[in-house]
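As a plain string of letters, each chain reads:
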Amino acid sequence: MPDFTIGASDFLLDGRPFQIISGALHYFRVHPDCWADRIAKARQMGLNTIETYVPWNLHSPRPGEFDTAGILDLGRFLREVAEAGMYAIVRPGPYICAELDNGGLPPWLLRTEGLGVRRFEPQYMAAVTRYLQDVLAIVRPLQIDRGGPVLLVQVENEYGAFGDDQTYLKALTEVIRGAGTTVPLVTVDQPTDEMLSAGGLDGVLRTGSFGSRVAERLETLRKHQPTGPLMCMEFWDGWFDYWGGRHHTTSAADAAAALDALLAAGASVNIYMVHGGTNFGLTSGANDKGVYRPTVTSYDYDAPLDEAGHPTEKYFAFRDVISRYAPVPSSVPSAASPAPEFNVALADPVGLLACPGGTWSEHDQVPSLDELDARLAIFRTELRLGGPALLTFGEIRDRVQVFLDGAPVGILERERHERSLMLPHTRGRLELVVEDQGRVNYGPRIGEAKGLIGPVLLGDVELHDWSVCGVELDRVPQLWQATPSAVAPGPTAWRATFELDTRTDLFLRIDAWGKGYAWINGFNLGRYWRRGPQQTLYVPGPLLVDGPNELVVLELETLEPTAAFAAGPWLGYTDL
């Protein structure tokens, strides 16, 4: 079997120096039937390795579960990497950040009373141990010394930006080794003295995360890693977007020059990202550094392969750089053809306030969305005062639409620090549509409760006697099985059908709609919002079927009752 070790100054593959030239490609952000295509294009760019995070929250949505079906089939993904003649790096966390909901930590875990997050605390360590054993049972037979592709496994993730609990890091290392991991282990931190000291562990190779100032960052890394290979485990070649912001891009020439400097220095590299993919469903996270900023559905990241897997200018710039240091295949990906452009009419509206498709429960005070195990919920109570009054919430996480007797009154948003609005009258049915827009994935607000936090006051009187329904979003495409169509105010579900001659990628335009979610054949494509910068939702071709395909849209505000499909992705306003 091949032998992969850490030498005095290099990685050694069968005793010979080996420079890892890797790219990040997250299996859970790419349709499984597209994995082979993206891996092959990464190989054509000159990469010899593929890196992926492992998302605990997606694999374990509930305690005791570990799902590996479909898009979560890590074993299949790693085997496809091997079949392409490439190696693999696995980064299982347990915390991964990754702009993923809750940084990859399961929300149910963080609701455990007394639990200590990312530190040596018994409840947390017990859960982490079970999770890592589940992941590493898949990885163990796929390590390079057993004939598989996996070269490295990472311990935690940028831990120096969070804490300095060496007992915790040592315990994680023991769990990983105890689960049969025999390949070298690594940590990663931003290259500052403080973070590399706090997040590193003696006996485990330290690596860095950065995207510029290569010589300076490698010098700092070498101070903390005096022997062994130097590696940038996250070479940032782009950035993520948030709703209401601009589409982030980086110069292909500048990024290629930094990559050149890394490879010329003999360092190994993992390009973050080679292909970002998509935050399908409700997987996108958020950041809150004083202002809450939810991440968009697209994870294009301005990567060498765009969201749909098409090569960009950066792809060819990187390929040219890599060719100076390693063999690059002679073939290149063919140019992408434009996607079909067509319109279909949305029909059969179902008002969510009347037919939410969930189970109602009664509460004296408003429960959190966590208590309801919901990401979207309807809250209802009766007002009996009469005149106008101020409606006030303790805290809103993350958005609430207010209705009086079915008529919209206003919207309050967390990112605007809004907590109150004036009701024109206070007699009748008060309804609130409360939405979780993505859990914070970085910093001290990880794991916080979602929904309406604290009392709901009318004037200075707390409101009680709430009827609450958590909307089961997975069941929205089935609403019509038991519900007659009817136009109604407030959030509304719509549907349409269409047929195509070929099963090709599509781009669903969202710029004419308000805010909501979309499904193709029951698969949740993700959130949309007219706020931008994202103006289309990517539809992978493998989601489509021969014959009628169904599009379902849950619009929370207002919607143009036509669905338009575009020729390609739109990220940012300049393309419109």
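Just so it is clear, the structure is predicted and the values come from calculations on it, not from any experiment.

Student: Any chance you could explain the sheet that holds strand β20 (residues 407-413) here in plain terms?
Tutor: Sheet strands pair via backbone hydrogen bonds, and the direction of the pair is either parallel or antiparallel. Pairing is antiparallel across the open sheet formed by 6 strands, whose spatial order is β16-β25-β17-β22-β19-β20. Two strands lie at the open edges of the sheet, namely β16 (360-363) and β20, each paired on one side alone. Within this sheet the neighbouring strands show an average axis-to-axis angle of 25°, counted without direction. Here β16 pairs with strand β25 (residues 466-470) via 4 bridges, running antiparallel. In the strand pairing of β25, S361 is matched with V468.

Student: What should I look at first to understand the packing of aromatic side chains in this one?
Tutor: Pairs of aromatic rings are described using the distance from one ring centre to the other and the angle between the two planes. Scanning the model with the defined rule gives 30 aromatic pairs in all. When the centroid spacing of 5.2 Å and the interplanar angle of 55° are considered together, the rings of F498 and F565 count as tilted. Here F565 lies in strand β32 (residues 562-566) and F498 lies in strand β26 (residues 492-498), a separation of 67 residues in the sequence. Comparing F498 with F565 shows no difference in burial state: the two are buried. Taken together, Y53, W236, W239, F240, Y272, Y299 and Y301 form an aromatic cluster joined through their ring pairs. In this arrangement the basic side chain of R29 is found over the ring face of Y299, its NZ or CZ atom lying 3.7 Å from the centre. A cation over an aromatic ring shows up here: R118 above the ring of F162, its NZ or CZ 4.5 Å from the ring centre.

Student: Would you mind going over the pattern of salt bridges with me for this structure?
Tutor: A pair can form between side chains of opposite charge whenever their charged atoms are brought close. Using the criterion set out here, one finds 41 salt bridges in the structure. Salt-bridge contacts for R445 lead to D288; the nearest nitrogen and oxygen are separated by 3.5 Å. Taken together, the positions of R445 in the loop between β22 (426-435) and β23 (451-458) and D288 in strand β12 (residues 286-288) put the pair 157 residues apart, joining distant regions of the chain. In this structure, E435 and K515 form a salt bridge, with 2.8 Å as the shortest nitrogen-oxygen distance. Of the two residues, E435 is situated in strand β22 and K515 in strand β28 (residues 515-520); the sequence distance between them amounts to 80 residues. For K515, a relative accessible area of 3% gives the class buried.

Student: So what exactly am I meant to see when it comes to the packing of helix α3 (residues 74-83) against helix α5 (residues 122-139) here?
Tutor: How two helices sit against one another is set out by the angle between their axes and by the gap between those axes. Contact geometry for α3 and α5: axes closest at 9 Å, N-to-C directions at 35°. As for how α3 packs across α5, the hand of that crossing is right-handed. Across the interface between the two elements, L74, G75 and L78 from α3 touch V135, I138 and V139 from α5. Counted by class, the contact of α3 with α5 contains 5 nonpolar, 1 polar and no charged residues.

Student: What should I look at first to understand unusual backbone geometry in this one?
Tutor: Apart from glycine, the bulk of residues carry a negative phi angle, and the bulk of peptide bonds sit in the trans form. The residue after Y272, namely M273, is reached through a cis peptide bond having omega 5°. Counting through the fold element by element, M273 comes out in strand β11 (residues 268-275). Cis geometry is adopted by the peptide bond preceding P533, which originates at G532 and carries an omega value of 10°. Within the secondary structure, P533 sits in the loop between β29 (523-529) and β30 (536-539). With a phi close to 55°, E99 is a non-glycine residue in the positive phi region. Along the chain, E99 falls in the loop between β6 (87-91) and α4 (107-110).

Student: Just checking my understanding: could you explain the state of the cysteines for this structure?
Tutor: Two cysteines whose sulfur atoms are joined by a covalent bond form what is called a disulfide. Tallying each qualifying case throughout the model produces 0 disulfides. Residue C232 stays outside any disulfide, its sulfur separated by 15 Å from that of C97, the closest cysteine. Classification of C232 as buried rests on a relative accessible area of 0%.

Student: Can you walk me through the pairing of β11 in this structure?
Tutor: Strand residues, when the strand is regular, have side chains that alternate between the two faces of the sheet. Summarising burial for β11: 8 of the 8 residues are buried, a large majority. With 4 bridges connecting them, strand β4 (residues 21-25) and β11 associate as parallel partners. Among the inter-strand pairings, G23 is bridged to a residue of β11, identified as I271. Two strands pair when backbone bridges link them, and strand β10 (residues 231-236) and β11 are joined in this way by 4 bridges, in the parallel orientation. When the sheet's bridge partners are listed, C232 is paired in β11 with V269. With helix α9 (residues 252-264) bridging β10 and the parallel β11, this β-α-β connection has right-handed handedness.

Student: Help me understand the pairing of strand β18 (residues 389-397), please; the structure alone is not making it clear to me.
Tutor: Relative to strand β21 (residues 420-423), β18 runs antiparallel, the two sharing 4 bridges. Note on β21: the bridge partner recorded for T392 is S420. Pairing between β18 and β23: 6 bridges, direction antiparallel. Its bridge partner lying in β23, R397 is registered against G451.

Student: How should the environment of R146 be read in this particular structure?
Tutor: With respect to the helices and strands, the residue R146 is situated in the loop between α5 and β7 (150-154). Classification of R146 by relative accessible area gives partly exposed; the value is 38%. With residues up to four places along the chain from it excluded, the contact list for R146 reads M1, R140, P141, G180 and T182.

Definitions and limits used
Residues numbered from 1 in each chain as written. Predicted model: local features only at pLDDT ≥ 70, side-chain atom pairs only at ≥ 80, totals over all residues. Heavy atoms only, no water. Pairing = 2+ DSSP bridges. Helix = DSSP H or I, 4+ residues; strand = E, 2+ residues; numbered from the N terminus. Axes fitted to C-alpha atoms, helices over the stretch in contact; angles between N-to-C directions. Phe/Tyr/Trp six-rings, centres within 6.5 Å; stacked < 30°, edge-to-face > 60°. Buried < 20%, exposed > 50% of the residue type's maximum accessible area, 1.4 Å probe, protein only. Lys NZ or Arg CZ within 6 Å of the ring centre and 35° of its normal. Salt bridge = Lys/Arg side-chain N within 4 Å of Asp/Glu carboxyl O. Left-handed = near helix turned anticlockwise from the far one by under 90°. Contact = heavy atoms within 4.5 Å. Nonpolar A, V, L, I, M, F, W, Y, C, P; charged D, E, K, R; others polar. Disulfide = S-S within 2.5 Å. Right-handed = clockwise from strand over helix to strand, strands pointing away.

Purely spatial values, then, with no claim about function.
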